[in-house]
Amino acid sequence: MTTDDRRRLRTVDLARTAGLSTQQIRNYEDAGVLPAAERTESGYRVFGERHRQALLTYRTLRKGYGPVTATRIMRTVHEGDVPGALALVDAAHAALHGERGSLRAAREALDALAGQGAEPVTGDGGLRIGEVAALVGVRTSALRVWEAAGLLAPGRERGTGYRLYAPADVRDARVVHTLRRSHYLFDQIRPVLDGLRREGGGEALRTAIAAREQAVTARTRAALEGAGRLHAYLTCTDDTLRG
C-alpha cells in the first residue's frame, strides 16, 4: 500500500480527527479496525485517507452494532473477507429481528391475558393438572411438555407429589397456550414468561416492553446508518482509498 503524500497523516493527526488518543489509534490498528499502516524508516506509523474513512466507518458501526461486533466487521473486511463481514452484519440484524419477535409475542400474550380476566383463586395450595388443563383448554400432556421445557414450574403436593398450580402458574400456562397457537417457539416464549415474573404484573411488563421497543428501534436506525457507511467504505473507488 502506498499513501498519497498529500494526505499523509501522523498518528496524532488521525487521533485528532475523531477526538481520540494516539494510543487508541494504535490499538485500533492492532485490532484490525484500521488497515495496516505504512512505517517510516524510523518506524513511525503513516496513515492516509483510507484510514480516516475506516475510523469513521467503525465509529458509526459501533453505535448500532456495539464495539465487539463493529470490531469484528472491520477486522474481517481488512482481512479481505467481505462476505464474512457482511455475514456478521446479517447476524446482527437477525438478532434485532428476533428481539422484535419476542416483544411482539409479549404484547400478544398480555392482550390475551387482559381478555381472560383474573386467574382463579386456588384452594388447598393450588389446582390439579386436570383442572388447569380444563381452564386453559389443553391436554394434560401439553402441560407436562411445557414443564419439561422449563416453561412451567408448578409446586408439588406433600405426600402425593401431585402437581399444584398457583394462580401465577395458571397465568403462565395461558401465556404458553396463546403463543403456541401463534406458532411461537419455546425459546421465544421463555423471555415473555421471564418478563412477567420479573416485573410482577402485566402493566409493569407492558411498560418495560414499550421501553425495549424504543431501544430496539433506536438500535435498528443506528445499525442502518452503520451499514450505509460500511457500504460506502466497501464500494469507494477513489484512488485515495485504494492506495
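Residue positions within a chain follow its written sequence, with the count starting from 1. The model is predicted, so local features are restricted to residues of pLDDT at least 70 and side-chain atom pairs to those at 80 or more, both for listing and for counting; the totals for chains, interfaces and linings are taken over all residues. In computing side-chain properties, one takes all heavy atoms of the structure into account and sets aside hydrogens as well as water.

Draft legend 1. Representation of the overall build of the chain within the structure. Each helix and strand counted, the chain has 10 helices and 4 strands in total. Per the convention used, a helix needs a DSSP run of H or I reaching at least four residues, while a strand needs a run of E reaching at least two, with both numbered from the N terminus. Starting at the N terminus, the α and β elements of the chain follow one another as α-α-β-β-α-α-α-α-β-β-α-α-α-α. A simple rule labels every residue: compare its accessible area, found with a 1.4 Å probe on the protein chains alone, to the largest value its type can have, and call it buried under 20%, exposed over 50%, or partly exposed in between. Looking at the 243 residues of the chain, the share that counts as buried comes to 41%. Taking the contacts inside the chain whose residues are at least 6 apart along the sequence as the reference set, 64% of them involve residues at least 24 apart. Residue contacts are defined here by distance: any two heavy atoms, one from each residue, within 4.5 Å place the two residues in contact.

Draft legend 2. Seen up close, the layout of surface pockets. In this analysis, the protein atoms alone were mapped onto a 1 Å grid. Cavities are point sets where a 1.4 Å probe fits without being able to get out; pockets are open sets with protein on both sides within 12 Å along at least five of seven lines; lining residues have an atom within 4 Å of a point. Grid points are joined across faces, edges and corners, and a volume is the space filled by probe spheres set on the points. Approximately 170 Å³ is the volume found for the second largest pocket. Lining of the second largest pocket is provided by R8, L9, R10, T11, T22, R26, T40, G43, Y44, R45 and V46. Secondary structure elements with two or more residues in the lining of the second largest pocket: helix 2 (22–31) and strand 2 (45–46). In this classification, the charged set is Asp, Glu, Lys and Arg, the nonpolar set is Ala, Val, Leu, Ile, Met, Phe, Trp, Tyr, Cys and Pro, and all remaining amino acids, among them Gly, are polar. A breakdown of the residues in the lining of the second largest pocket according to their chemical character gives 3 nonpolar, 4 polar and 4 charged.

Draft legend 3. Here's a closer look at helix 5 (residues 129–136). For helix 5, every residue scored as buried is listed here: I129, V132, A133 and V136. Down the axis, helix 5 shows its buried residues gathered within 100° of arc, on one side only. Check the buried side of helix 5 and you find it contacts helix 6 (140–148), strand 4 (163–164) and helix 7 (167–181). Taken from the residues just after helix 5, G137 is the one with a positive phi, measuring 90°. Each C-beta atom gives one direction from the helix axis, and the arc is the one those directions make.

Draft legend 4. Looking closely at empty space enclosed by the protein. Throughout the structure, instances matching the rule amount to 1 cavity of 30 Å³ or more. At the level of secondary structure, the elements contributing two or more residues to the lining of the largest cavity comprise helix 4 (82–116), helix 8 (186–199) and helix 9 (202–235). Ranked by the residues each element gives to the lining of the largest cavity, the list is headed by helix 8, at 4 residues. Taken together, the residues of the lining of the largest cavity break down into 6 nonpolar, 2 polar and 2 charged.

Draft legend 5. The arrangement of the pattern of salt bridges in detail. Whenever a carboxyl oxygen of Asp or Glu lies within 4 Å of a side-chain nitrogen of Lys or Arg, that contact is scored as a salt bridge. Applying the stated criterion to the full structure yields 13 salt bridges. One salt bridge connects R128 with E157, and the closest N-O pair in it is separated by 3.2 Å. Remark: E157 occurs in the loop between strand 3 (155–156) and strand 4 and R128 occurs in the loop between helix 4 and helix 5; sequence separation between them is 29 residues. Judged by relative accessible area, which is 22%, E157 ranks as partly exposed.

Draft legend 6. Broad picture of the packing of helix 7 against helix 8. For every element, the axis is a line fit to its C-alpha atoms; helices are fit only across the contacting stretch, and the angle between N-to-C directions ranges from 0 to 180 degrees. Relative orientation of the contacting elements helix 7 and helix 8 amounts to 145°, with a least axis distance of 10 Å. In this structure, helix 7 meets helix 8 at a crossing whose hand is right-handed. For the pair formed by helix 7 and helix 8, the contact residues are R171, D172, V175, V176, L179 and R180 on the first element and F186, I189, V192, L193, L196 and R197 on the second. Looking at side-chain class alone, the contact of helix 7 with helix 8 contains 8 nonpolar, no polar and 4 charged residues. For a crossing to be left-handed, the near helix must be turned anticlockwise from the far one by less than a right angle; the clockwise case is right-handed.

Draft legend 7. The nonpolar core, seen in detail. Among buried residues, the Ala, Val, Leu, Ile, Met, Phe, Trp, Tyr and Cys ones that are joined through side-chain atoms within 4.5 Å form a nonpolar core. Counting 59 residues, the largest nonpolar core has L34 and L143 as its most contacted members. Here this core takes 11 residues from helix 4, the largest share from any one element.

Draft legend 8. Representation of the confidence of the model for the chain within the structure. Note: pLDDT gives the predictor's confidence per residue, expressed from 0 to 100. When pLDDT is averaged along the chain, the result is 86; 88% of the residues meet or exceed 70. Within the chain, helix 10 (residues 239–242) has the poorest average pLDDT of any element, 46, and helix 6 the best, 97. Across residues 1–5 the pLDDT falls below 50, and counting only partners more than four positions away or on other chains, this stretch makes 13 contacts in the model. A low-confidence stretch, residues 237–243 (pLDDT under 50), is modelled with 12 contacts involving residues beyond four sequence positions or located in other chains.

Draft legend 9. Seen up close, the environment of L61. You can see L61 is positioned in helix 3 (residues 49–78). Given the relative accessible area of 0%, L61 is considered buried. Linking L61 and R229, residues 168 residues apart in sequence, is a C-alpha distance of 7.7 Å. Apart from residues no more than four positions distant in its own chain, L61 is found in contact with G66, A70, I73, M74, G226, A227 and L230.

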